[in-house]
Amino acid sequence: DSNYIGGSIKGQGWVKVAQMTAADGDSALDFENVFTSDYKRYVITGTDCRPATDSKNLIFQYRDASGLNTGGTYVSAFHSSDANGSTGQGHADDQTVGLVLNNIGNTGNEVGHFTCFLDPINALTPKHLMYRSVSQMADTTTRYITGQVAYNDATVMTGIKWYWSSGNWESGTIKIYGVND
């Protein structure tokens, strides 16, 4: 037995299965064939995520064996809390993408970080990506978001593509970990 973070049995914790770091000008970080039956669920982390163009949203689309899932079946809900005291919440049906970071800038110290939890390989259930993100937005307000994006399809997902609502990446690293416990 092991007593490291989470108290997981040795060998049953997070295993990094993929990592991509954006070079200035990359249009997307596209993970193909990364979700397999080797793990029950996946944890995705994003650090230093920054668009090359000001005031953009970080979004994603799933991949299955046929390619990118671009149909209007992404459903999202979120709650945000800003450092200036304002809060917000929202819900959107029939979207073509999922959103994790909102209104990230590139003119100062603006940047976003996120952690997601996902079970992409169960063919019997819709896909639910639950996330928490923290970012400094284009207007320099710090924003915390807790949310969920559901993809209403029981298809087995094989990958995920991350990109900005328009423009390219300036910086960012996305890591995907497999988890069995």
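Just so we're clear, the structure is a prediction, and the values are computed from it rather than from any experiment.

### Digging into the pairing of strand E3 (residues 41–51)
Extensive coverage of E3 is indicated by the burial of 8 of its 11 residues. Pairing of E3 with strand E13 (residues 169–179) involves 9 bridges; the strand directions are antiparallel. Directly across from Arg50, in E13, lies its bridge partner Ser171. Bridge analysis of E3 against strand E9 (residues 112–118) gives 6 bridges, and the strand direction is antiparallel. Pairing of Ile44 across the sheet is with Cys116, part of E9.

### Considering the packing of aromatic side chains
Geometrically, a pair of aromatic rings is defined through the distance of the ring centres and the angle of the planes. A full pass over the atoms with the stated rule returns 11 aromatic pairs. Ring pairing ties together the aromatic residues Phe60, Tyr62, Tyr74, Phe114, Tyr151 and Trp162, which thus form one cluster.

### Here we look at the sheet that holds strand E10 (residues 127–136)
Strand pairing in a sheet is mediated by backbone hydrogen bonds. Such pairs are either parallel or antiparallel. Strand order in the open sheet formed by 8 strands is E1-E13-E3-E9-E10-E11-E6-E7, with antiparallel pairing between adjacent strands. At either end of the open sheet lies a strand with only one pairing partner, and these are strand E1 (14–21) and strand E7 (87–95). The average undirected angle you get between the axes of adjacent strands in this sheet is 15 degrees.

### Overview of the confidence of the model for the protein chain
Residues at a pLDDT of 70 or more form 93% of the protein chain, whose mean pLDDT is 87. Of all the helices and strands in the protein chain, E9 carries the lowest mean pLDDT, 87, while strand E2 (residues 29–31) carries the highest, 97. Low pLDDT (under 50) marks residues 1–9, which in the prediction has 11 contacts with non-local residues, meaning those over four places away or in another chain.

### Some remarks on the pattern of salt bridges
This structure, assessed with the given rule, holds 3 salt bridges. The salt bridge involving Arg50 is made with Glu170; its shortest N-O contact spans 2.7 Å. Residue Arg50 is located in strand E3, and its partner Glu170 is located in strand E13; the two are separated by 120 residues in the primary sequence. Residue class for Glu170 comes out partly exposed when judged on its relative accessible area of 30%.

Analysis parameters
Residues numbered from 1 in each chain as written. Predicted model: local features only at pLDDT ≥ 70, side-chain atom pairs only at ≥ 80, totals over all residues. Heavy atoms only, no water. Buried < 20%, exposed > 50% of the residue type's maximum accessible area, 1.4 Å probe, protein only. Helix = DSSP H or I, 4+ residues; strand = E, 2+ residues; numbered from the N terminus. Pairing = 2+ DSSP bridges. Phe/Tyr/Trp six-rings, centres within 6.5 Å; stacked < 30°, edge-to-face > 60°. Axes fitted to C-alpha atoms, helices over the stretch in contact; angles between N-to-C directions. pLDDT = per-residue confidence, 0-100. Contact = heavy atoms within 4.5 Å. Salt bridge = Lys/Arg side-chain N within 4 Å of Asp/Glu carboxyl O.

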